[in-house]
Amino acid sequence: MSNGVLLFCFNTETCEYYRIAERCVELIKKNLKLEITIVTNLETFKKLKPLGMLNYKLINNETGNKRGKEQWHNLDRCNAYDLSPYDTTILMDIDYFPFTNILLEYLNINDDFLIHDKIHDLTNKDVYNFRFNSIIPMLWATVIVFKKTSRAKRIFDMVKYIKQHYQHFCDLYRVDIRNFRNDYAFSIAVNQVNGHIQQKFLPGKLPTLPGIAKVLKINDTGVVFKYDDKINYVENQDVHILDKELTNV
Amino acid sequence: MDIGELKQKADLSYDISVAKKNALERAVSRQIFAYNGHLFRADAQTICLVKTLSEQKDSFFVLDTNNNPCEIKEPADFLNKLIERNQETLNAYHQINKEFAKRR
C-alpha cells in the first residue's frame, strides 16, 4: 500500500505560489517523510528550485476563476483522484504547513474519505463563521485524506459535476459566495453522495491563520504573526496560512 | 500604575490568553491517534471508559471519533497507548503553561 502527499501549485500574475510550495515541501519531507507529487503547469515548474526526489505531474490547468480581482487557479482539485499515484493520499493545500507529523495518523485508518468540518482560528477572532452563507454545513477542503475506493471516486466525480453546474448548485444550497470554491464544492459533493446526511470527518479542527494575520517569520518549527498590532506565534502545530505575502518572508 | 502600563498589561494578558488557547488546541489535536484502523481521542473520557470496560471484560467494543464501533481485543495495550498519548500531550501543554505563568 502506497501513501503520499498530493499538492496543486499554479502561479498567478499576483502570487508566486511556487515559493509557498517550496516551504511546504520542506516541511513535508522533514515531518511527514512521505512521497510527494506536485501537480503543476510548465510555467510554474520552471520556477521551482530543485527539491530532491519529488514526482511532478504537468498539466494545462483550467483558468477563469477569480477571488476578488485576482486569478484563482483552484479548478483542478477535482482531478486529484485521477492524478494521485497513491493508494492513500493526503491531498493538501500548499499553504498548509505541517509542522508536526499528526497527518500520519490518518493514513492508518479504514475510512476512505475524510475532510475537516471544524476550523480553529489561531487569532481567536472567530472570523470563520460561514453558517449564514449557505444552508449546508461548511467543510474545509484544505486537507483531504482519501483512498482509491469507488466511494471516494464518486465524491470526486460529483465535485467535477458540481464544478460544471456551479451556479445551479449555489442556488440550490443558497451559497452566497458565487465564485468557485472547493470548500463548497466538496461540502455539496459529500452531502449529495451520502444521501444528504452527515458523513465522517477528520477529528480535530483545521488550525488556520486568517488573512488578517500577517506572517512575520517562519522557521522550521513555527510561525510568528501579527494582527491588530499584536504579535503572537504558534510552534509545533500545523498551520493553514492565508496571508499570501508569506512568499516574501 | 498609569494608563499606558495598564494597557500594556491588558495586551499581554490577551496575547497569553490567545497563545494558551492555541496551545490547548494543539494538545487536543495531538491526542488523536489511530488504533486498529480507527481514530480515537486519548482524552479523559476515553481513558475512563476503556479502564472501566477492561476491568469487566477481556474484549469489548468502543466507538471511534466518527461513531464507528471498534473491537478492542487487547485492552491493556490500548489503555497504555491512550495514557501515554494523553500524558505526552498534557506534559507539553504544562511546559507551555509554565512559560505563560512566568510572562504574567
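See the structure printed just above.
Just so it is clear, the model here is predicted, and its values are computed rather than measured.

Draft legend 1. The arrangement of the overall build of chain A in detail. Assigned secondary structure in chain A consists of 6 helices and 15 strands. Taken against the 2.2 N^0.38 rule, which gives 18 Å for 249 residues, the C-alpha radius of gyration of chain A at 17 Å falls within 12% of a compact globule. With the C-alpha coordinates of chain A rotated into their principal frame, the extents come out at 45 × 40 × 35 Å. Burial analysis of chain A (249 residues in total) assigns 43% to the buried set.

Draft legend 2. Representation of the packing of helix H4 (residues 150–164) of chain A against helix H6 (residues 182–193) of chain A. Residue and element names in this part refer to chain A. At a closest axis distance of 9 Å, the pairing of H4 and H6 adopts a crossing angle of 125 degrees. Classed by the angle they form, the pair H4 and H6 counts as oblique. For H4 against H6, the interelement crossing comes out right-handed. Counted together, Arg154, Ile155, Met158, Val159, Ile162 and Lys163 of H4 and Ala185, Phe186, Ile188, Ala189, Val190, Gln192 and Val193 of H6 form the full contact between these two elements. Along the lines of polarity and charge, the residues of the contact of H4 with H6 split into 10 nonpolar, 1 polar and 2 charged.

Draft legend 3. Main features of the sheet that holds strand E11 (residues 206–209) of chain A. Residue and element names in this part refer to chain A. Pairing is mixed in the open sheet, where 4 strands are placed in the order E7-E15-E11-E9. The sheet terminates laterally at strand E7 (96–97) and strand E9 (119–121), the two strands that pair on one side only. Note that E9 and E11 share 3 bridges and pair parallel. Note on E11: the bridge partner recorded for His120 is Pro207.

Draft legend 4. Structural context of the environment of Lys51 of chain B. Mapping Lys51 of chain B onto the fold places it in helix H2 (residues 44–56). In the structure, Lys51 of chain B is positioned 46 residues away from Glu5 of chain B in sequence and 50 Å away in space, judged by C-alpha atoms.

Draft legend 5. Layout of the nonpolar core. All names here are of chain A. If you look at the biggest cluster of nonpolar residues, it comprises 81 residues, and the most contacted ones within it are Val5, Leu7, Cys9, Ala21 and Ile115. Counting residues per element, this core draws most heavily on helix H1 (residues 17–32), which supplies 8 residues. Setting aside residues up to four positions removed in sequence, Ile115 forms contacts with Leu139, Trp140, Ala141, Ile144, Phe186, Val190, Phe201 and Leu202.

Draft legend 6. Local environment of unusual backbone geometry. Residues and elements named next belong to chain A. Notably, Lys33 is not glycine yet its phi reads approximately 50 degrees, a positive angle. Following the sequence through the fold, Lys33 ends up in the loop between H1 and strand E2 (35–40). Residue classification places Lys33 among the exposed positions, given that 9 C-beta atoms sit within 10 Å. Positive phi is not limited to glycine here, since Asn236 has a value of about 50 degrees.

Conventions adopted
Residues numbered from 1 in each chain as written. Chains lettered and ligands numbered in written order. Predicted model: local features only at pLDDT ≥ 70, side-chain atom pairs only at ≥ 80, totals over all residues. Helix = DSSP H or I, 4+ residues; strand = E, 2+ residues; numbered from the N terminus. Rg over C-alpha atoms; globule rule 2.2 N^0.38 Å. Buried ≥ 20, exposed ≤ 12 C-beta atoms within 10 Å, placed from the backbone. Axes fitted to C-alpha atoms, helices over the stretch in contact; angles between N-to-C directions. Parallel < 35°, antiparallel > 145°, perpendicular 65-115°, else oblique. Left-handed = near helix turned anticlockwise from the far one by under 90°. Contact = placed C-beta atoms within 7 Å. Nonpolar A, V, L, I, M, F, W, Y, C, P; charged D, E, K, R; others polar. Pairing = 2+ DSSP bridges. Core = buried A, V, L, I, M, F, W, Y, C linked by C-beta atoms within 7 Å.

Geometry only, nothing functional implied.
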